[in-house]
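Below are the chains, spelled out letter by letter.
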Amino acid sequence: MTQDIKLKNKVAVVTGGSKGIGKALVTALVEQGAKVVIGDILVNEGEELVKALNSKQPDNVAVFVRTDVTSWDDNKKLFATAEKEFGGVDIACLNAGISEHPQTLFGPLEGESMTLKINLDGVIKGNRVAILHLAKRGGGVIVNTASAAGFVGTSIIPHYTASKHGVVGWTRSMQPMIDVANVRVNAVCPYWVETDILASIDVPGVGFIDVAPKVPMETVMDAYMTAILDESQHCQTIIALPDGVRVEPAFNIWASCVTQEMVEAKMVDYKEEVEAWKSDLKEARMRANI
Ligand SMILES: NC(=O)c1ccc[n+]([C@@H]2O[C@H](COP(=O)([O-])OP(=O)(O)OC[C@H]3O[C@@H](n4cnc5c(N)ncnc54)[C@H](O)[C@@H]3O)[C@@H](O)[C@H]2O)c1
């Protein structure tokens, strides 16, 4: 593969990078000349991947950090390691995810949804830590892994679907980050891809996923590269479908929800708030020592 000049020596953090889509992304980024820090709970797989990637290069290009994305401390340590090992962070891919077994809908009425904790809260924590590091670098890009289930109801996996709608909503709410921190935030949203997660979704006897079309991993990687490299993409949801990649536009607020008074008071965009947010960001970086 020819290396993309824009990725040469860039530093990426990838959560959920030990296997599946994350592993393919880590490998693609390294092939394109980037350095990668993987954060995952799967230690053996992550360390094996790092060993294989580093063995092909004169200098280390990959590092593994045992990271549970639901932990603030782990997220902070992950990004701090990227800074310590490779000098900073340019690209943050918040990709770790699970799906609960479909039958949990009628499980005991207690506890929390791990799917929401990992897929949504974990992504939000990762974004909040990433923004501080990317701002320190002068800007960068965040890519959140959502799903086609972030747009359509998927009755066999309601927690998962809610979590991915949440990731889409979070990503689309990051509009100001380009003005506040020179950070673009996009989401990649694949339809079904042949990875281990599918085994936790299908219920014996339903077999829906067996017969559903799959997205080739190369198409998923095309979607990531669009999200990372195309500087015109910000706050976009980039869908990876069996027949290719497309950018799914956000829909506009209904006309009846916007009054002339709101337009005149500039309440329909965020531009008035940018200076205040810049100062909040400065404080947040000082507080976190980043
Ligand atoms: N495979 C699909 O069909 C598909 C479709 C759309 C979106 N996605 C999304 O893609 C992402 C990657 O999934 P995949 O298909 O590669 O599945 P996968 O099971 O192969 O990989 C998921 C990775 O996330 C890691 N992970 C899980 N919980 C974690 C935690 N608490 N902290 C850190 N890492 C954790 C796992 O260890 C694993 O390495 C997920 O967010 C998933 O929802 C997958």
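Regarding the chain, the UniProt comment filed under Sequence similarities (unreviewed entry) reads as follows: "Belongs to the short-chain dehydrogenases/reductases (SDR) family."

**Q** Quick question: what am I supposed to make of the nonpolar core here?
**A** Side chains that are nonpolar tend, in soluble globular proteins, to be buried together. Formed by 39 residues in total, the largest nonpolar core has its most connected members in Val 13, Val 37, Phe 79, Ile 131, Ile 142, Val 183 and Leu 281. Looking at this core, the element that brings in the most residues is helix α4 (residues 114-136), giving 8 residues. Residues within four places of Val 13 in sequence aside, it is in contact with Val 37, Leu 78, Phe 79, Ala 82, Val 89, Ile 91, Ala 92 and Cys 93. Listed in part, the 35 residues of the second largest apolar core include Ile 21, Phe 64, Ile 91 and Val 188.

**Q** Looking at this model, I keep getting lost on the site of the ligand. Mind explaining?
**A** By nearness alone, 28 residues border the ligand, and Ile 21, Asp 40, Tyr 160, Val 193 and Thr 195 come closest of all. The separation between a nitrogen atom of the ligand and a polar main-chain atom of Thr 67 is 3.4 Å. Taken by itself the ligand offers 820 Å² of open surface, and the protein chains cover 96% of this. When contributions to the shell around the ligand are tallied by element, the ones reaching two or more residues are α1 (20-31), α5 (158-172) and α7 (197-201).

**Q** Would you take a moment to explain unusual backbone geometry for this structure?
**A** Excluding glycine, most residues fall at negative phi; most peptide bonds, likewise, are trans. Backbone geometry places Asn 182, a non-glycine residue, at a positive phi of 55°. By the element assignment, Asn 182 lies in the loop between α6 (177-181) and β6 (183-190). For Cys 235, which is not glycine, the phi dihedral falls at a positive 65°. As for its position among the elements, Cys 235 is in the loop between α9 (217-229) and β7 (237-241). Given a relative accessible area of 6%, Cys 235 falls into the buried group.

**Q** Please clarify how the pairing of strand β1 (residues 11-15) should be interpreted in this entry.
**A** Sheet faces and side chains relate simply in a regular strand, where the side chains alternate between the two faces. Across the 5 residues that make up β1, a large majority, 5, are buried. Because side chains alternate across β1, one face comprises the buried residues Val 11, Val 13 and Thr 15, and the other comprises Ala 12 and Val 14, equally buried. Taken together, β1, α1 and strand β2 (residues 35-40) form a β-α-β motif whose crossover is right-handed. In this structure, β1 lies alongside strand β4 (residues 91-94), joined through 3 bridges in parallel fashion. From the neighbouring strand, Val 13 faces β4, where its bridge partner is Ala 92.

Conventions used here
Residues numbered from 1 in each chain as written. Predicted model: local features only at pLDDT ≥ 70, side-chain atom pairs only at ≥ 80, totals over all residues. Heavy atoms only, no water. UniProt positions renumbered as here; feature names shortened; annotations may be inferred. Core = buried A, V, L, I, M, F, W, Y, C linked by side-chain atoms within 4.5 Å. Buried < 20%, exposed > 50% of the residue type's maximum accessible area, 1.4 Å probe, protein only. Helix = DSSP H or I, 4+ residues; strand = E, 2+ residues; numbered from the N terminus. Contact = heavy atoms within 4.5 Å. Near = heavy atom within 4 Å. Polar contact = N/O pair within 3.5 Å; in protein donor to acceptor, adjacent residues only side chain to side chain. Areas by Shrake-Rupley, 256 points an atom, 1.4 Å probe, with all protein chains shown as cover. Right-handed = clockwise from strand over helix to strand, strands pointing away. Pairing = 2+ DSSP bridges.

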